[in-house]
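# An overview of the molecular structure
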Amino acid sequence: PLPLKPGDTGPMVAEMQRAIAKHGFLSAGGANGDFNEDTLRALETFQDDNALPVQPLCDQKCWKALGLT
């Protein structure tokens, strides 16, 4: 369930990572289902580039901005 935050693991994290990679902020190999430091940096860069609040989590608004439902 959202929000996803550092330390979370599982299929939703992998889905978020694949979406971040699709937008060019994370290497495709980074989609391992582990919300680690690399994922956090990529997420925060995505948030900043898309006029979202830069925060150490992926909430519903960020999830939708990534093109996820």
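Up top you'll find the structure we're talking about.
Described below are features of the structure shown in this document. Remember, it's a predicted structure, so these values are computed and weren't measured experimentally.

## Observations concerning the packing of aromatic side chains
Summed over all chains, the structure comprises one aromatic pair. Measuring from ring centre to ring centre gives 5.7 Å for phenylalanine 25 and phenylalanine 46, while their planes differ by 80°; the resulting arrangement is edge-to-face. In this pair, phenylalanine 25 is assigned in the loop between helix H1 (11–22) and helix H2 (37–49) and phenylalanine 46 in helix H2, connecting sequence segments 21 residues apart. On the accessibility criterion, phenylalanine 25 (24% relative accessible area) is partly exposed. The class for phenylalanine 46 is buried, based on a relative accessible area of 0%.

## A word on the environment of phenylalanine 25
Between the alpha carbons of phenylalanine 25 and lysine 64 there is a distance of 16 Å; along the sequence they are 39 residues apart. Aside from chain neighbours lying at most four places away, what touches phenylalanine 25 is Ile20, Ala42, Thr45, Phe46 and Asp49.

## Focus on H2
Over its 13 residues, H2 extends 18 Å from the first C-alpha to the last, a length consistent with the 18 Å expected when each residue adds 1.5 Å. Along H2, the positions that sit buried rather than exposed are Thr39, Leu40, Ala42, Leu43, Phe46 and Gln47. End-on, the buried residues of H2 take up no more than an arc of 165°, which puts them together on one face. In H2, the exposed positions angled more than 90 degrees off the buried face are occupied by Asp48 and Asp49. Tucked inside the fold, the buried residues of H2 contact H1 and helix H3 (60–65). For H2, the N-terminal cap is asparagine 36; the gap from its side-chain oxygen to the backbone nitrogen of aspartate 38 is 3.2 Å. Phi turns positive, to about 55°, at alanine 51, one or two residues after H2.

So, how was this worked out
Residues numbered from 1 in each chain as written. Predicted model: local features only at pLDDT ≥ 70, side-chain atom pairs only at ≥ 80, totals over all residues. Heavy atoms only, no water. Phe/Tyr/Trp six-rings, centres within 6.5 Å; stacked < 30°, edge-to-face > 60°. Helix = DSSP H or I, 4+ residues; strand = E, 2+ residues; numbered from the N terminus. Buried < 20%, exposed > 50% of the residue type's maximum accessible area, 1.4 Å probe, protein only. Contact = heavy atoms within 4.5 Å. Expected span 1.5 Å × (residues − 1). Arc of directions from axis to C-beta. Polar contact = N/O pair within 3.5 Å; in protein donor to acceptor, adjacent residues only side chain to side chain.

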